[in-house]
Amino acid sequence: MSLVTEIQEIAAQYPQSRSAIMPALHLAQKKYGWLPREAFEEVGEALGLTPAYCMSVASFYDMYHLEPVGTHIVEVCTNISCALVGAQATLEAFERELGIRPGETTADGEVTLRTVECYGGCGWGPVVAVDQRYHEPVKPEDVPRLVQDLRNA
Amino acid sequence: MSMPELVRVTIDEKDVHVAKGTGLVETALSAGIEIPVFCYEPRLGAPIGACRMCLVEIEGMPKLQAGCTLTAQDGMVVRTARTSSKAAEGQNATLEFILVNHPLDCPVCDKGGECPLQDLTFRYGPGKTRMNFEKTTFEKPIPISPAISLDRERCILCYRCTRFSEAVSEDGQLVARNRGAMSVITTFEDEPYSGPFTGNVTELCPVGALLPTQYRFEARPWEIVDVPTVCGMCPVGCNTHATVREGKVKRVISRNHPEIDEGWLCDKGRFAFTHLRAADRVVEPIHRVRRRGFEPVSWPEALDVAESLLKAADGRAVVALSGSETVEEAYALAKLMRQGLGSHHAVLPEEVSAGLDAYRLPLSAIGDAQTVVVLGDVPLNESAPIVDLWVRAARRKGATIVQTADDPAVSSTERVVLIWSGPGGRGGARVGELAERLGLAGKDGCGAFYIPATPNGRGVADAWAACSDEEPAREPDSIGLLVVSGDEAAGNPNVRALAERAEAVIVISMFHGLAAGWADLVLPGTSYLERDGTYVNLEGRLQRLRQTATPPGPTELEWISQLAARFHVEIPPYASAVFAELSKRCYGGLSFGEVGERAPLRGYVEAPVHVEVPPVPEPAEEPPSGTGLHLVAYKPLFSGPAVERVPELQFQRPQAEIELSPDDARTRGIANGDRVVVSAGGVSVELRARVSKDLRAGVARVALEHSGGLLGNVEVAPAGAGVTA
């Protein structure tokens with residue numbers, strides 16, 4: 001089934017088809033790994049929206065990728081609660097271990113490191129999500145093992 | 001209608017009574033008090049309270065409120081910055097916050113001197129800055145199209161431009177990317193912001209972020225004069241200001257006439273003015289001399305030549321009008337030809353009819369209609385763009401938009417408006433007949449519109465009729481002289497065919513490209529921005545044109561007056577004096593001054609019997625035609641002699657594509673973007689297919705310049721198929 005058809009099936013469940021934009025963007029991201037130009041064109045076509053509008057919505061949210069990403073994504077929360085319990089040190093540990101800065105992907109295309117705003121785990125910070133799976137709390141000394149697990153995965 | 005409920009609101013200790021639900025900004029204004037705003041703009045739909053400039057203190061509410069989002073309630077007590085130190089502090093802080101990253105490059109900003117951010121900072125803002133760190137910088141300026149540049153450093157994220165794109169023009173192309181402080185205004189990828197209305201965002205922008213590229217570094221606000229006039233690019237007649245510096249038009253901006261344009265302009269009306277300075281502008285008369293070819297001549301010599309050509313025609317002269325002449329110019333030309341030379345025959349590029357006069361409405365009535373019937377298949381945004389905006393406004397307010405008068409919505413609603421946009425309307429006569437059949441005459445909010453091809457065809461026809469009581473003569477058996485008045489006529493292939501039959505030709509044209517090679521005498525034409533006079537728009541509204549720029553030579557009226565004197569016909573060289581003469585015959589003796597800056601829609605009951613100026617005859621040869629789809633070849637908005645001479649509008653020219661209805665595309669196995677062959681009678685043209693939901697089945701649509709001369713019924717098939725059958 002083509003992406004457009006798949007999206008239109010989801011859209012049919014909403015009173016207004018444009019309400020389906022979030023799941024539609026997720027589907028497109030699943031297909032491409034990120035959201036390239038074609039993804040927005042297809043989502044737009046399926047929902048009767050302009051590609052610009054779809055891009056605008058996607059750019060608002062952290063979970064949509066407007067640039068290519070690695071096979072794995074490490075996300076470190078740096079919002080206030082996590083920051084108070086040492087998120088910066090955790091982040092720097094990942095930078096050292098992976099040899100990249102936040103927003104970058106390792107040269108082998110395996111791992112992307114990002115900072116994110118609140119993941120809702122404020123009582124157990126610093127929160128780190130590895131491929132959408134939460135780890136909490138993550139201290140700098142936990143980082144080498146997490147990266148090793150990721151490399152072995 | 002019942003009286004709206006009035007409520008009492010106290011603003012800065014002043015009591016005002018306004019209708020319940022009136023916005024607080026307007027309520028304050030009615031008390032003579034300003035609530036300053038950036039993002040608030042009622043024409044863009046519901047307020048969003050994004051900029052926080054409008055903070056006010058309201059009794060009973062603990063925190064400052066965004067005044068623009070509130071409406072008047074009975075007993076409300078409001079304090080603005082004038083009487084509330086809390087509100088003053090809040091507004092001051094808002095401005096300080098807005099200015100954190102604003103570059104303050106006002107001395108080199110085109111907006112400087114006419115900038116709401118400058119003005120409000122002056123009145124409500126902090127006198128100094130506490131920001132001693134580096135400001136956010138962006139690449140700048142970014143051309144979001146060849147016509148508009150974006151300076152992201154100056155942007156204050158009020159979202160006026162994106163709201164216009166989403167909720168007024170409904171093109172959805174201009175959007176915000178990212179979130180919060182990282183937000184920027186952008187289009188999709190590297191695509192230019194295109195469409196009929198993009199330029200409006202440069203006027204909506206309350207800072208120097210979105211600016212017209214044509215006006216970049218062209219003038220400072222204290223060097224300019226904004227001359228009120230009307231646009232002559234289409235029959236809508238939007239009210240405009242031509243910004244003039246040292247006799248040259250530097251930009252065209254809107255001059256809100258709430259009944260016509262609501263302050264919006266199309267990009268043709270806004271950006272096409274630089275055709276005045278086209279490289280191939282005819283600036284002096286040109287005479288064809290036997291064996292020597294074409295040579296420039298002086299004006300007195302040119303008038304000598306014109307005089308002898310007119311005399312030689314001996315009553316067998318024909319005038320091909322453009323429908324873009326002012327009423328005064330058409331009257332002067334008619335008086336010279338009819339009274340001075342006994343030549344009564346003139347043709348227009350289109351049929352003109354008085355059949356709609358009983359169904360006149362202001363365009364704004366479309367916005368208030370419950371049912372809008374759009375007849376004909378020429379897209380409104382190509383023929384009369386502002387009408388398209390009114391139809392969109394009606395749809396947003398819940399109106400039903402239908403394509404046939406047989407739709408049940410027509411009989412089941414009170415306010416019905418008909419719009420004819422397409423060929424075959426007989427100058428409005430047919431939609432007038434339809435309005436009569438539906439019984440719309442005299443019914444509140446009901447009426448009909450016809451979209452003519454020319455900006456002033458009706459005014460020109462009336463003027464031609466008004467200057468002689470004699471019966472209009474039929475076309476003479478042989479044409480002694482063809483006078484081609486203006487560029488629309490000069491560019492019309494049917495007029496060219498007429499010229500083939502004429503013994504001599506005089507062409508009045510602005511451009512060598514149109515006039516060269518086929519005229520015995522070329523006289524430099526002027527643009528609507530260079531003439532004084534009046535136009536009649538598609539509503540039947542008489543409006544005032546002003547000379548905004550200095551033309552390279554005399555205006556048509558000036559030299560027609562001199563030429564007429566040689567035939568003992570007295571024509572004053574001033575539009576006001578000519579109008580005084582013709583007004584008695586056409587417009588009930590209305591004086592020039594009474595036409596007005598924001599002209600009302602008047603009825604002219606005392607107008608003489610309307611005499612038709614017939615359309616220029618079609619060539620006898622029928623275009624190739626077959627069975628299959630009915631092809632509508634329309635004149636696109638971004639076409640014509642003026643647009644062709646404006647570099648900033650070239651990206652807006654129509655694509656080589658044909659529009660098909662979803663049904664017709666499906667049955668032919670054609671998908672959006674496919675290459676297709678359009679053919680009839682052995683002629684074919686290859687185009688890209690675009691599937692349009694708003695097109696009726698059985699109709700295909702193409703811009704005239706891509707039609708390959710096809711018209712009538714055509715076959716459409718995927719390219720590279722169908723030959724074997």
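Basis of the calculations
- Residues numbered from 1 in each chain as written.
- Chains lettered and ligands numbered in written order.
- Predicted model: local features only at pLDDT ≥ 70, side-chain atom pairs only at ≥ 80, totals over all residues.
- Heavy atoms only, no water.
- Helix = DSSP H or I, 4+ residues; strand = E, 2+ residues; numbered from the N terminus.
- Buried < 20%, exposed > 50% of the residue type's maximum accessible area, 1.4 Å probe, protein only.
- Contact = heavy atoms within 4.5 Å.
- Areas by Shrake-Rupley, 256 points an atom, 1.4 Å probe, with all protein chains shown as cover.
- Rg over C-alpha atoms; globule rule 2.2 N^0.38 Å.
- Buried area = accessible area lost by both parts, 1.4 Å probe.
- Salt bridge = Lys/Arg side-chain N within 4 Å of Asp/Glu carboxyl O.
- Polar contact = N/O pair within 3.5 Å; in protein donor to acceptor, adjacent residues only side chain to side chain.
- Core = buried A, V, L, I, M, F, W, Y, C linked by side-chain atoms within 4.5 Å.
- Pairing = 2+ DSSP bridges.
- Domains from an automatic or database assignment.
- Axes fitted to C-alpha atoms, helices over the stretch in contact; angles between N-to-C directions.
- Phe/Tyr/Trp six-rings, centres within 6.5 Å; stacked < 30°, edge-to-face > 60°.
- Lys NZ or Arg CZ within 6 Å of the ring centre and 35° of its normal.
- Patch = residues over 30% accessible without salt bridge, like charges linked within 9 Å, V, L, I, M, F, W, Y side chains within 5 Å.
- pLDDT = per-residue confidence, 0-100.
- Parallel < 35°, antiparallel > 145°, perpendicular 65-115°, else oblique.
- Left-handed = near helix turned anticlockwise from the far one by under 90°.
- Nonpolar A, V, L, I, M, F, W, Y, C, P; charged D, E, K, R; others polar.
- Arc of directions from axis to C-beta.

### Side note on the overall build of chain A
The helix and strand inventory of chain A stands at 7 helices and 4 strands. Seen in sequence order, chain A has helices and strands lined up from the N terminus as α-α-α-α-β-α-α-β-β-β-α. Residues counted as buried form 42% of the 153 residues belonging to chain A. Looking at chain A alone, contacts between residues at least 24 apart form 60% of all its contacts between residues at least 6 apart. For chain A, the computed accessible surface area is about 7,900 Å², with 51% contributed by carbon and sulfur atoms.

### Examining the overall build of chain B
Helices and strands together make up the secondary structure of chain B, namely 21 helices and 32 strands. The C-alpha radius of gyration of chain B comes to 28 Å, within 12% of the 27 Å expected for a compact globule of 725 residues. Overall, chain B is about 85 × 70 × 55 Å in size when its C-alpha atoms are taken along their principal axes. When each of the 725 residues of chain B is scored for burial, the buried share is 56%. In chain B, the proportion of contacts linking residues at least 24 apart, taken out of those at least 6 apart, comes to 71%. As displayed, chain B offers around 30,600 Å² of accessible surface, 51% of which is attributable to carbon and sulfur atoms.

### Brief notes about the interface of chain B and chain A
On the chain A side, the residues contacting the 15 residues of chain B number 17 residues. A buried area of about 1,200 Å², summed over both sides, lies between chain B and chain A, and 54% of it is on carbon and sulfur atoms. Notably, a salt bridge pairs E191 of chain B with R37 of chain A, separated by 2.9 Å at the nearest N-O pair. Our count for the chain B to chain A interface comes out at 6 residue pairs in polar contact (both at pLDDT 80 or more). With 3 residues, strand 8 (residues 175-177) of chain B is the largest single contributor of residues to the side of chain B that touches chain A.

### Points about the nonpolar core
Residue and element names in this part refer to chain B. Core analysis: the biggest nonpolar cluster contains 110 residues, and V236, I366, V387, I419 and L482 have the highest contact counts within it. No other element matches helix 11 (residues 385-396), which puts 6 residues into this core. Residues in contact with I366, not counting those within four places in the same chain, are V372, V387, W390, V391, A394, V417, I419 and F449. Listed in part, the 57 residues of the second largest apolar core include A334, A466, F567 and Y587.

### Remarks on the pairing of strand 27 (residues 629-634) of chain B
Residue and element names in this part refer to chain B. Relative to strand 32 (residues 712-718), strand 27 runs antiparallel, the two being bridged by 3 bridges. By the bridge assignment for strand 32, L631 is matched with G712. Here 5 bridges tie strand 27 to strand 31 (residues 699-703), and the two strands are oriented parallel to one another. Within the sheet, the bridge partner assigned to Y634 lies in strand 31 and is A703.

### Here's the deal with the domain arrangement of chain B
You can read the domains of chain B as domain 1 (6-98), domain 2 (134-277), domain 3 (286-349 + 456-595), domain 4 (357-450) and domain 5 (629-718). If you average the C-alpha positions of domain 1 of chain B and of domain 4 of chain B, the two centres end up 38 Å apart.

### Let's talk about the sheet that holds strand 11 (residues 225-230) of chain B
Two modes of strand pairing occur in sheets, parallel and antiparallel, and in both the strands are linked by backbone hydrogen bonds. Residues and elements named next belong to chain B. Taken together, the 3 strands give an open sheet; going across it, the order is 11-12-13, and neighbouring strands pair in antiparallel fashion. Lying at the two open borders of the sheet, with one neighbouring strand each, are strand 11 and strand 13 (248-254). Here the strands of the sheet are splayed against their neighbours by 30 degrees on average, with no regard to which way each runs. Relative to strand 12 (residues 239-245), strand 11 runs antiparallel, the two being bridged by 6 bridges. Across the sheet, the residue bridging to V230 is N239, located in strand 12.

### Some thoughts on the domain arrangement of chain A
For chain A, the assigned domains are domain 1 (3-60) and domain 2 (72-152). Between domain 1 of chain A and domain 2 of chain A, the C-alpha centre-to-centre distance is 29 Å.

### Details of the packing of aromatic side chains
Here the structure, examined in full by the defined rule, presents 8 aromatic pairs over all chains. Among the aromatic residues, those joined into a ring-pair cluster are F60, Y61 and Y64 of chain A. Seen from the ring of Y215 of chain B, R251 of chain B lies directly overhead, with NZ or CZ sitting 4.3 Å from the centre. The ring of F511 of chain B has R645 of chain B lying over it, and the distance from NZ or CZ to the ring centre is 3.9 Å.

### Looking at a nonpolar patch on the surface
All names here are of chain A. Together, I80, L84 and V85 give the surface a local cluster of nonpolar side chains, amounting to about 320 Å² of exposed area. Tracing the backbone through its elements, the reader meets L84 in helix 5 (residues 80-84). Taking the relative accessible area as the measure of exposure, L84 reaches 70% and is therefore exposed.

### Quick look at the confidence of the model for chain A
Residues of chain A with pLDDT of at least 70 account for 100%, and the chain-wide mean is 94. When pLDDT is averaged over each element of chain A, helix 4 (residues 51-60) of chain A comes out on top at 98 and helix 7 (residues 143-152) of chain A at the bottom at 92.

### Digging into the sheet that holds strand 16 (residues 317-320) of chain B
All names here are of chain B. Reading across the sheet, the 7 strands line up as 15-14-24-23-22-16-17 and stay open at both edges, with mixed pairing between neighbours. Only two strands of the sheet have a single neighbouring strand rather than two, namely strand 15 (293-296) and strand 17 (346-347). Sheet topology note: the strand 16/strand 22 (residues 479-485) ladder contains 4 bridges and is parallel. Paired with A320 across the strands is V484, a residue of strand 22.

### A word on the packing of helix 1 (residues 3-11) of chain A against helix 3 (residues 37-47) of chain A
Residues and elements named next belong to chain A. Between helix 1 and helix 3, the shortest axis-to-axis distance is 9 Å and the interhelical angle comes to 45 degrees. By the angle between their axes, helix 1 is oblique relative to helix 3. For helix 1 against helix 3, the interelement crossing comes out right-handed. On helix 3, the residues touching L3, V4, I7, Q8 and A11 of helix 1 are E42, V43, E45, A46 and L47. Looking at the contact of helix 1 with helix 3 residue by residue, the class counts come to 7 nonpolar, 1 polar and 2 charged.

### A word on the pattern of salt bridges
All names here are of chain B. Evaluated as defined, the whole model comprises 58 salt bridges over all chains. D12 serves as the salt-bridge partner of R82, at 3.4 Å between the closest nitrogen and oxygen. Remark: D12 occurs in the loop between strand 1 (6-11) and strand 2 (14-19) and R82 occurs in the loop between strand 5 (76-79) and helix 2 (85-98); sequence separation between them is 70 residues. With relative accessibility at 57%, the residue R82 sits in the exposed group.

### Describing unusual backbone geometry
Omega for the peptide link from E136 of chain A to P137 of chain A comes to -15 degrees, which places this bond in the cis form. Following K140 of chain B, the chain continues to P141 of chain B via a peptide bond in cis, the omega torsion being -10 degrees. Along the polypeptide, P141 of chain B turns up in the loop between helix 3 (116-124) and strand 6 (142-145). Within the chain, E170 of chain B stands out as a residue other than glycine whose phi angle is a positive 55 degrees. With respect to the helices and strands, E170 of chain B occurs in the loop between helix 4 (160-167) and strand 8. Judged by its relative accessible area of 30%, E170 of chain B is partly exposed.

### Let's talk about helix 19 (residues 575-586) of chain B
Count 3.6 residues to each turn of an α-helix, and residues three or four apart come out pointing the same way. Residues and elements named next belong to chain B. Within the sequence span of helix 19, burial applies to A575, V578, F579, L582, S583 and C586. Seen from one end, helix 19 has its buried residues packed into an arc of 135 degrees, which puts them on one side. Looking at the buried residues of helix 19, the elements they touch are helix 8 (327-341), helix 14 (457-466), strand 25 (533-536), strand 26 (542-545) and helix 18 (556-565).

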